[in-house]
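Listed below, chain by chain, are the residues.
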Amino acid sequence: MRPFTYVRAESVPDALNGAHTADTLFLAGGTELLNWARIGIESPRRLVDIGRLPGLDEIVSHGDGLRIGALARLNDVAQDPRVETSYPVLAQAILKAASAQLRNLATIGGNPVQRTRCPYFRSHDPVACNKREPGSGCAALHGANERLAIFGWTEGCVAVQPSDPAVALACLDAVIITEHVEGGRRIPAAEFHTLPADDPAAHNVLRPGELITGIELGAPAPKSAYVKVRERQSYEFALVSAAAAVEVQDGLIARARLALGSVAPRPWRLYEAEQALVGLRPGSPDLLDAVTSGFADSRPLSSNAYKIPLARNTALRALELALEA
Ligand code: SF4
């Protein structure tokens, strides 16, 4: 591990000052950043500890919804009565994201920034990986790709984004708030992670030195649910997951939002399916066809065709649970 300097920021401007170089990283919960340093994914020269910035761990009412400070611990978000009642999809996604010990440390602003679990990306040995070494290729394209993408991939990268809360946030049309010395931004959660067609080496749209300060949730979505399918029921990343949020009026679906996890480089909204669901009756056999319409652009890799029916059925189950909520 390369030696680095450590500084503790006392305010947001203090954190941003001098942080706009690629070898400066922000440290919050540390549950992922320390993995990066151990494996060699990142070798920062300077760590800026933002863990004690005042006020950034608060969850406050904001318009019709909530503003969650980026430093709010995952468990504190999941156990907040307003989140449990009004955004159950987010509470459920967080509780399925990690062990209780990790949820007590990890933050809601840091979790979506975690990087892919692609085995080549996380390898201790040098392998072809455009995310580790831009231009080196993609060993997963014809290699061990059974857990990787069925949507949104290119030959440059077939990785999937692993955060469970990020899928719920994309489903809820949450907005990620950032600050930067050149000005902050409001980034739709569904567009926070990048696609490899733009740049296989990129993970998300953050610029060097850009700090997530909060996440805004809009109007409550009490009829919502999250389903995670994994190889064991504890402490495991998803094979696929699905978040659903629905509104029902006069016995018919008036609005539906569906997002899949672990199937693409970003949480994958099924926009065609969302449109097809409007006007259907909860319990209708047509729900399956409507969900299936969102898979027209799915493309399996050599070893993961199983993910297409699995993801379709997981999305349908999340939709049914949301309708029952
Ligand atoms: Fe690297 Fe992406 Fe290929 Fe994995 S899928 S080896 S992260 S380029």
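Quick note: structure is the one above.
Small disclaimer: the values here were computed from a predicted structure and weren't measured.

Scoring rules and cut-offs
Residues numbered from 1 in each chain as written. Predicted model: local features only at pLDDT ≥ 70, side-chain atom pairs only at ≥ 80, totals over all residues. Heavy atoms only, no water. Pairing = 2+ DSSP bridges. Helix = DSSP H or I, 4+ residues; strand = E, 2+ residues; numbered from the N terminus. Axes fitted to C-alpha atoms, helices over the stretch in contact; angles between N-to-C directions. Parallel < 35°, antiparallel > 145°, perpendicular 65-115°, else oblique. Contact = heavy atoms within 4.5 Å. Nonpolar A, V, L, I, M, F, W, Y, C, P; charged D, E, K, R; others polar. Core = buried A, V, L, I, M, F, W, Y, C linked by side-chain atoms within 4.5 Å. Buried < 20%, exposed > 50% of the residue type's maximum accessible area, 1.4 Å probe, protein only. Polar contact = N/O pair within 3.5 Å; in protein donor to acceptor, adjacent residues only side chain to side chain. Phe/Tyr/Trp six-rings, centres within 6.5 Å; stacked < 30°, edge-to-face > 60°. Lys NZ or Arg CZ within 6 Å of the ring centre and 35° of its normal. Salt bridge = Lys/Arg side-chain N within 4 Å of Asp/Glu carboxyl O.

Undergrad: Mind showing me how you'd approach the sheet that holds strand E1 (residues 5-8) here?
TA: In a beta sheet, neighbouring strands are held together by backbone hydrogen bonds and run either parallel or antiparallel to one another. Reading across from one edge, E1-E3-E2 is the order of the 3 strands in this open sheet, with parallel pairing throughout. Looking at which strands have only one partner, the edges of the open sheet turn out to be E1 and strand E2 (24-27). Adjacent strand axes in the sheet meet at a mean angle of 25° when their direction is disregarded. Summarising the sheet, E2 and strand E3 (residues 46-49) pair through 4 bridges and their orientation is parallel. Counted as the bridge partner of Phe-26 is Val-48 from E3.

Undergrad: Just checking my understanding: could you explain the packing of helix H5 (residues 88-95) against helix H7 (residues 164-171) for this structure?
TA: To describe two helices that pack against each other, one gives the angle between their axes and the distance between the axes. At a minimum axis separation of 8 Å, H5 and H7 run at an interaxial angle of 170°. In terms of axis orientation, H5 runs roughly antiparallel to H7. Contact with H5, carried on its side by Val-89, Leu-90, Ala-93 and Ile-94, involves Asp-164, Pro-165, Ala-168 and Leu-169 of H7 and no other residues of that element. The residue inventory of the contact of H5 with H7, partitioned by class, reads 7 nonpolar, no polar and 1 charged.

Undergrad: Help me understand the pairing of strand E7 (residues 185-188), please; the structure alone is not making it clear to me.
TA: Taken together, the 4 bridges between strand E6 (residues 175-179) and E7 define a ladder with antiparallel strand orientation. Paired with Val-175 across the two strands is Pro-188, which belongs to E7. In textbook terms, the turn of a hairpin is the stretch between consecutive antiparallel strands, and for E6 and E7 this stretch comprises 5 residues, one of which, Gly-183, has a positive phi near 120°.

Undergrad: Quick question: what am I supposed to make of the nonpolar core here?
TA: Soluble globular proteins: nonpolar side chains tend toward being buried together. Formed by 56 residues in total, the largest nonpolar core has its most connected members in Ile-68, Val-77, Leu-90, Ile-108 and Leu-217. Taken together, the elements giving at least two residues each to this core come down to E2, helix H2 (33-39), strand E5 (65-69), helix H3 (74-78), H5, H7, strand E8 (211-217) and strand E10 (240-249). Considering every element that reaches this core, the biggest residue donor is H5, with 5 residues. Each residue touching Leu-217, except ones within four places of it in the same chain, is listed here: Gly-65, Leu-66, Ile-68, Tyr-87, Leu-90, Leu-169, Leu-172 and Ala-174. Phe-151, Ala-244, Phe-295 and Ala-315 belong to the second-largest nonpolar core, a separate cluster that totals 31 residues.

Undergrad: Would you take a moment to explain unusual backbone geometry for this structure?
TA: Most peptide bonds take the trans form, and the phi angle of most residues other than glycine is negative. The backbone of Asp-173 sits at a positive phi, close to 55°, despite the residue not being glycine. When you line up the elements, Asp-173 lands in the loop between H7 and E6. Its identity is not glycine, yet Ser-262 carries a phi of approximately 60°, on the positive side. By secondary structure assignment, the location of Ser-262 is in the loop between strand E11 (252-261) and strand E12 (268-269).

Undergrad: Looking at this structure, how should I read the side chain of Asn-111?
TA: Within the secondary structure, Asn-111 sits in the loop between helix H6 (100-105) and H7. Reaching out from Asn-111, the side chain makes a polar contact with the side chain of Ser-163 at a distance of 2.5 Å. Sequence-distant contacts of Asn-111, that is, excluding residues within four places in its chain, are made with Leu-74, Ser-163, Asp-164 and Pro-165.

Undergrad: Sorry, what's going on with the packing of aromatic side chains here?
TA: By the definition in use, this model includes 2 aromatic pairs. Their ring planes at 20° and their centres at 5.2 Å tell us that Phe-151 and Trp-268 sit as a pair that is stacked. One end of the pair, Phe-151, is in the loop between H6 and H7; the other, Trp-268, is in strand E12, with 117 residues separating them in the sequence. Classification of Phe-151 as buried rests on a relative accessible area of 0%. Judged by relative accessible area, which is 15%, Trp-268 ranks as buried. Plain terms: the ring middles of Phe-151 and Phe-295 are 5.6 Å apart, the flat faces sit at 55° to each other, and that makes the pair tilted. Placement of Phe-151 in the loop between H6 and H7 and of Phe-295 in the loop between helix H9 (286-292) and helix H10 (307-324) is noted, with a sequence separation of 144 residues between them. Across this residue pair, the class does not change: Phe-151 and Phe-295 are buried. Feature note: the residues Phe-151, Trp-268 and Phe-295 constitute an aromatic cluster, connected by ring pairs. The ring of Trp-36 has Arg-115 sitting right over it, with the charged end atom 4.0 Å from the ring centre.

Undergrad: I tried to follow the side chain of Ser-163 on my own but got confused; where do I start?
TA: Following the sequence through the fold, Ser-163 ends up in the loop between H6 and H7. A polar side-chain atom of Ser-163 sits 3.0 Å from the main-chain amide nitrogen of Ala-166. Each residue touching Ser-163, except ones within four places of it in the same chain, is listed here: Asn-111, Pro-112 and Gln-114.

Undergrad: Just to check I follow, could you spell out the pattern of salt bridges for this structure?
TA: Two side chains with opposite charge may pair up if their charged atoms get near one another. A full pass over the atoms with the stated rule returns 18 salt bridges. A salt bridge links Arg-122 to Glu-32, with the shortest nitrogen-to-oxygen separation between them at 2.8 Å. Here the residue Arg-122 occupies a position in the loop between H6 and H7, and Glu-32 occupies one in the loop between E2 and H2, the gap between them amounting to 90 residues. In this structure, Arg-122 and Glu-32 share a single accessibility class: buried.

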